[in-house]
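In case you want the letters, here they are:
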Amino acid sequence: PPPPPRTAAAAEAAKQPQEILNAILPPREWEEENQRWVQEVSSAPSTRLDVVRLQEQLDLRLQQRQARETGICPVRRELYSQCFDELIRETTINCAERGLLLLRVRDEIQMTIAAYQTLYESSVAFGMRKALQAEQDKSDMEKRIAELEEEKRELERQVSEQKDKCEAIEKRGNERRQIEEKKHTEEVQFLKRINQQLKVSKKNRNSK
């Protein structure tokens, strides 16, 4: 006997998984040869073998695209995101509610990663600004040190000149003092001789 006709409720129930899949993973649209093509996510259920193949494909793609095993790697993140989308698709076909919950988890993870990425980029930019500022400060400090060293050399030169001037003045003062002392000594000796001569002359006069 022919299959019983499907009721409107049954048809709507059959459409629901595909609509949920399209909401979770939007169809891809493009135009080719003046025709508009739409590719929807498959609603065919997956088997255990499909999951094993998915894991093998993930490992192969990670190796082919040389994704890093640790640290931040956009390639690894992209491939794992695609794998998680496929797991959401497979889960949604069997249980729409579970698939929607996984979608919520995926979106939360992506928002968290985006927040960390923004924080990381901001930290990198801040670090770069600080490094550039430190480099500029270092350059300014080196320039200031060079200026101070030049100023120090100039002051040392001035000090040396002043010392030379002081030594020259002291030398001239010593020479002048020696000359004056010598002159004073000669004058004293001269006056002593005159005084002695006067005494001798007075004594001679008195003896006569």
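Everything quoted here is computed from the prediction, not taken from an experiment.

Caption draft 1: Expanded view of the overall build of the chain. Looking only at helices and strands, the chain features 4 helices and 2 strands. Compactness check: the chain gives a C-alpha radius of gyration of 53 Å against a globular reference of 17 Å for 208 residues, more than 25% above the reference. Dimensions of the chain along its principal axes, counting C-alpha atoms only, are 195 × 35 × 35 Å. Per-residue burial over the chain gives 12% buried out of 208 residues. In the chain, the share of contacts with a sequence separation of at least 24, taken over all contacts with a separation of at least 6, comes to 44%. Accessible surface, the chain as shown: approximately 18000 Å² in total, 55% of it carbon and sulfur. Considering the chain, the positive charge centre built from 38 side chains and the negative charge centre built from 38 side chains are found 19 Å apart.

Caption draft 2: Here's a closer look at the side chain of Asn-22. Along the chain, Asn-22 turns up in helix H1 (residues 8–24). A distance of 3.5 Å separates a polar atom in the side chain of Asn-22 from a polar atom in the side chain of Glu-40.

Caption draft 3: Highlighting the packing of helix H2 (residues 48–64) against helix H3 (residues 74–94). At a closest axis distance of 10 Å, the pairing of H2 and H3 adopts a crossing angle of 170°. When the interaxial angle is binned, H2 and H3 end up roughly antiparallel. Residue-level contacts link Val-51, Leu-54, Leu-58, Arg-61 and Leu-62 of H2 to Arg-76, Leu-79, Tyr-80, Cys-83, Glu-86, Leu-87 and Glu-90 of H3. Residue composition of the contact of H2 with H3, grouped by class: 8 nonpolar, no polar and 4 charged.

Caption draft 4: Seen up close, the packing of aromatic side chains. Under the defined criterion, the tally for this structure stands at 0 aromatic pairs. The aromatic ring of Trp-30 is capped on one face by Arg-28, whose charged end is 4.4 Å from the ring centroid.

Caption draft 5: Representation of the pattern of salt bridges within the structure. Throughout the structure, instances matching the rule amount to 9 salt bridges. Ionic pairing is found between Arg-36 and Glu-29, a salt bridge with its closest N-O pair at 2.5 Å. The class of Arg-36 is exposed, set by a relative accessible area of 56%. In this structure Glu-29 comes out as partly exposed when scored by relative accessible area, which is 47%. Of the charged contacts, one joins Arg-106 and Asp-85 as a salt bridge, the two residues approaching to 2.7 Å between their closest N and O atoms. Residue Arg-106 is located in helix H4 (residues 96–207), and its partner Asp-85 is located in helix H3; the two are separated by 21 residues in the primary sequence. For the pair Arg-106 and Asp-85, a shared accessibility class is recorded, and that class is buried. The structure contains a network of salt bridges with shared partners spanning Asp-85, Arg-106 and Asp-107.

Caption draft 6: Representation of the pairing of strand E1 (residues 28–32) within the structure. Here E1 pairs with strand E2 (residues 35–39) via 5 bridges, running antiparallel. Opposite Trp-30, over in E2, you have Trp-37 as the bridge partner. What sits between the antiparallel neighbours E1 and E2 is a turn of 2 residues, in which Glu-33 has the positive phi angle 55°.

Caption draft 7: Representation of H3. Compared with an ideal rise of 1.5 Å per residue, which puts 21 residues at 30 Å, H3 spans 31 Å between its outermost C-alpha atoms and is within 8% of the ideal. Among all positions of H3, only Leu-79, Cys-83, Asp-85, Ile-88, Arg-89, Glu-90, Thr-91 and Thr-92 are buried.

Cut-offs applied
- Residues numbered from 1 in each chain as written.
- Predicted model: local features only at pLDDT ≥ 70, side-chain atom pairs only at ≥ 80, totals over all residues.
- Heavy atoms only, no water.
- Helix = DSSP H or I, 4+ residues; strand = E, 2+ residues; numbered from the N terminus.
- Rg over C-alpha atoms; globule rule 2.2 N^0.38 Å.
- Buried < 20%, exposed > 50% of the residue type's maximum accessible area, 1.4 Å probe, protein only.
- Contact = heavy atoms within 4.5 Å.
- Areas by Shrake-Rupley, 256 points an atom, 1.4 Å probe, with all protein chains shown as cover.
- Lys, Arg positive; Asp, Glu negative; His and termini not counted.
- Charge placed at Lys NZ, Arg CZ, Asp CG, Glu CD.
- Polar contact = N/O pair within 3.5 Å; in protein donor to acceptor, adjacent residues only side chain to side chain.
- Axes fitted to C-alpha atoms, helices over the stretch in contact; angles between N-to-C directions.
- Parallel < 35°, antiparallel > 145°, perpendicular 65-115°, else oblique.
- Nonpolar A, V, L, I, M, F, W, Y, C, P; charged D, E, K, R; others polar.
- Phe/Tyr/Trp six-rings, centres within 6.5 Å; stacked < 30°, edge-to-face > 60°.
- Lys NZ or Arg CZ within 6 Å of the ring centre and 35° of its normal.
- Salt bridge = Lys/Arg side-chain N within 4 Å of Asp/Glu carboxyl O.
- Pairing = 2+ DSSP bridges.
- Expected span 1.5 Å × (residues − 1).

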